[in-house]
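Spelled out, the chains give:
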Amino acid sequence: MLKLQFRDKRQEAIWLVDPLFTIGSAPENSLVINDSDIADFHAEIHNKNNTVIILSRNKDAALYVNNEKSVKAKPLNPGDIIKLGNVEFDVIDPQSTQYQSSLGLKPAKAPEWKLKSTASWMKNELFPINGKTVLGREANCDISIPVEHLSRRHVEFEVKGGKLLVRDLDSSNGTYLNGNRITESHAKPGDKIKVDVISFEVIGPQADPNKTIIRSVSAPKPSKKKIENNNTKKTPVQARGKAKSSTNNPPLASKGKQAWIEEPTISQKKTNYWWFAIAGFSITLLAVITFLSLR
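Quantities reported herein were computed from a predicted structural model and do not represent experimental measurements.

K.L.:
Got a sec to walk through the overall build of the protein? Specific residues and values, please.
P.N.:
Counting secondary structure elements, the protein contains 4 helices and 24 strands. Looking at the protein as a whole, 32% of its 295 residues are labelled buried. Taking the intrachain contacts of the protein between residues at least 6 apart in sequence as the baseline, contacts between residues at least 24 apart amount to 35%. For the protein, the accessible surface area stands at approximately 20900 Å², while carbon and sulfur atoms represent 53% of it.

See below:
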């Protein structure tokens, strides 16, 4: 897409998107220049099938392209210089590496988002969207289309977070996304946008079917052993709380006996038997002796 830029920078560059763009001093022209050297209808620029040509509309009006007087239609290319009377223009392609280098800019990455016109008179024209892009009929709009029912600043497109945001700028006739009137909405590739009688298709980045999708990794769950270890670590406050029952602790009652009543061990039982035997033998011996002494 080409733009027409005044060499003296008196106003913003103008997109050459109309099938017919006229220049002269009369108010009916697409571009009105009030200069004594400019005829009422001085020149016209035709745009068809991505080919832009300029020709004079008045045999007495001077038209030069690259310092050569032009009588017949002349194709225009980026870098050409047009002179009408004493007014000079540069023909520029804002996306070209040559133009960006002339401004001391590094060549920009090709925009991922674009608008493709589907109107019959500007079919398949592509308009790149970089950052914020305003579309309207004013010449200083990023995309300038001088259509009567288009607002001066009609709609704004903004690439934000990898998405395309469409924002209507309080236009008179509205902005439509896929047939629905909107004030602000996100658009995706393939969506249809309509402003007045002009329709566009949204061109945007497509998902790469060969790209590997990396799943997000969740934090690993703690093992049961770790959970058990954490449960055994009680804080002083928790230790003073109500204790939970455990299978390792003896029951309060077992076989009719309290847990605190200790049963004698086997060695204790054997020792008790010996004492009983000695005591019995002593008593028997004492009874025998007493019996014999009484006889």
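K.L.:
Now, about empty space enclosed by the protein: what can you tell me, with residues and values included?
P.N.:
All chains considered together, the criterion is met by 1 cavity of 30 Å³ or more. By volume, the largest cavity is sized at about 40 Å³. Along its surface, the largest cavity is lined by Tyr 64, Asn 66, Asn 67, Ile 81, Ile 82, Lys 83 and Glu 88.

K.L.:
Account for the nonpolar core, with residues named and values stated.
P.N.:
Counting 25 residues, the largest nonpolar core has Leu 115, Leu 135, Ile 145, Phe 157 and Phe 200 as the members making the most contacts within it. Elements with a minimum of two residues in this core: strand E16 (155–160), strand E17 (163–168), strand E21 (192–195) and strand E22 (198–203). It is E22 that provides the largest number of residues to this core, a total of 3 residues. Discounting chain neighbours no more than four positions away, the residues touching Phe 157 are Leu 115, Ile 129, Gly 131, Lys 132, Thr 133, Leu 135, Leu 164, Leu 165, Val 166 and Ile 193. Ranked by size, the runner-up nonpolar core spans 22 residues in total, among them Leu 4, Leu 16, Phe 21 and Leu 84.

K.L.:
Provide a residue-level description of the sheet that holds strand E3 (residues 20–24), including the pertinent values.
P.N.:
With respect to topology, 5 strands assemble into an open sheet ordered E4-E3-E5-E6-E9, the strand pairing being mixed. Of all the strands in the sheet, the pair left with one neighbour each is strand E4 (31–32) and strand E9 (74–75). In the sheet, strand E6 (residues 51–56) pairs with E9 via 2 bridges, with the strands oriented antiparallel. Note on E9: the bridge partner recorded for Ile 54 is Lys 74.

K.L.:
Quick one: what's the story with the sheet that holds strand E7 (residues 63–65), residue by residue and with numbers?
P.N.:
Across the sheet, which stays open at both edges, the 6 strands sit in the order E2-E1-E11-E10-E7-E8 with antiparallel pairing between neighbours. Of all the strands in the sheet, just strand E2 (14–15) and strand E8 (68–69) have a single pairing partner and so form its edges. Two strands pair when backbone bridges link them, and strand E1 (residues 3–6) and E2 are joined in this way by 2 bridges, in the antiparallel orientation. Across the sheet, the residue bridging to Leu 4 is Ile 14, located in E2.

K.L.:
Please set out the pattern of salt bridges residue by residue, giving values where relevant.
P.N.:
Where charged atoms from two side chains of opposite charge come close, those side chains can pair. Counting across every chain of the model gives 10 salt bridges. Here Glu 88 and Arg 7 are joined by a salt bridge, their closest N and O atoms 3.9 Å apart. With Glu 88 in strand E11 (residues 87–92) and Arg 7 in the loop between E1 and E2, this residue pair connects regions lying 81 residues apart in the sequence. Since its relative accessible area comes to 31%, Glu 88 is described here as partly exposed. Where Lys 116 meets Glu 201, a salt bridge forms, and the shortest distance between an N and an O atom there is 3.8 Å. Highlighted residues: Lys 116 in strand E12 (residues 114–117) and Glu 201 in strand E22, separated in sequence by 85 residues.

K.L.:
Residue-level account of the side chain of Thr 22, with values.
P.N.:
Counting through the fold element by element, Thr 22 comes out in strand E3. Overall, Thr 22 belongs to the buried group, its relative accessible area being 9%. One polar contact links the side chain of Thr 22 to the main-chain amide nitrogen of Ser 30, over a distance of 3.0 Å. Setting aside anything within four residues of it in sequence, one finds Thr 22 in contact with Glu 28, Asn 29, Ser 30, Leu 31, Ala 43, Glu 44 and Arg 57.

K.L.:
Account for the environment of Trp 15, naming residues and giving values.
P.N.:
Among the structural elements, Trp 15 can be located in strand E2. Non-local contacts of Trp 15, meaning those with residues more than four positions away in its chain, are made with Met 1, Leu 2, Lys 3, Pro 94, Cys 141, Asp 142, Ile 143 and Ser 144.

K.L.:
Outline the confidence of the model for the protein, listing residues and values.
P.N.:
Across the protein, the average pLDDT comes to 77, with 71% of residues at 70 or higher. In this model, residues 250–262 is a region of pLDDT below 50 whose contacts with residues beyond four sequence positions or in other chains number 5 contacts.

K.L.:
Mind laying out a nonpolar patch on the surface, listing which residues take part and the relevant values?
P.N.:
Together, Phe 281, Leu 285 and Ile 289 make up an exposed nonpolar region whose accessible area comes to about 320 Å². Following the sequence through the fold, Leu 285 ends up in helix H4 (residues 266–294). A relative accessible area of 43% places Leu 285 in the partly exposed class.

K.L.:
Which residues make up the packing of aromatic side chains, and what values go with them?
P.N.:
Two numbers describe a pair of aromatic rings. These are the distance of the centres and the angle of the planes. By the definition in use, this model includes 3 aromatic pairs. Judged by centre distance (4.7 Å) and plane angle (50°), the rings of Phe 6 and Phe 89 are tilted. Taken as a pair, Phe 6 in strand E1 and Phe 89 in strand E11 lie far apart in primary sequence, 83 residues in all. Assigned by exposure class, Phe 6 and Phe 89 land together as buried.

Definitions and limits used
- Residues numbered from 1 in each chain as written.
- Predicted model: local features only at pLDDT ≥ 70, side-chain atom pairs only at ≥ 80, totals over all residues.
- Heavy atoms only, no water.
- Helix = DSSP H or I, 4+ residues; strand = E, 2+ residues; numbered from the N terminus.
- Buried < 20%, exposed > 50% of the residue type's maximum accessible area, 1.4 Å probe, protein only.
- Contact = heavy atoms within 4.5 Å.
- Areas by Shrake-Rupley, 256 points an atom, 1.4 Å probe, with all protein chains shown as cover.
- 1 Å grid on protein atoms, 1.4 Å probe; cavity = no way out; pocket = protein on both sides within 12 Å on 5 of 7 lines; lining within 4 Å.
- Points joined across faces, edges and corners; volume = space filled by probe spheres on them.
- Core = buried A, V, L, I, M, F, W, Y, C linked by side-chain atoms within 4.5 Å.
- Pairing = 2+ DSSP bridges.
- Salt bridge = Lys/Arg side-chain N within 4 Å of Asp/Glu carboxyl O.
- Polar contact = N/O pair within 3.5 Å; in protein donor to acceptor, adjacent residues only side chain to side chain.
- pLDDT = per-residue confidence, 0-100.
- Patch = residues over 30% accessible without salt bridge, like charges linked within 9 Å, V, L, I, M, F, W, Y side chains within 5 Å.
- Phe/Tyr/Trp six-rings, centres within 6.5 Å; stacked < 30°, edge-to-face > 60°.

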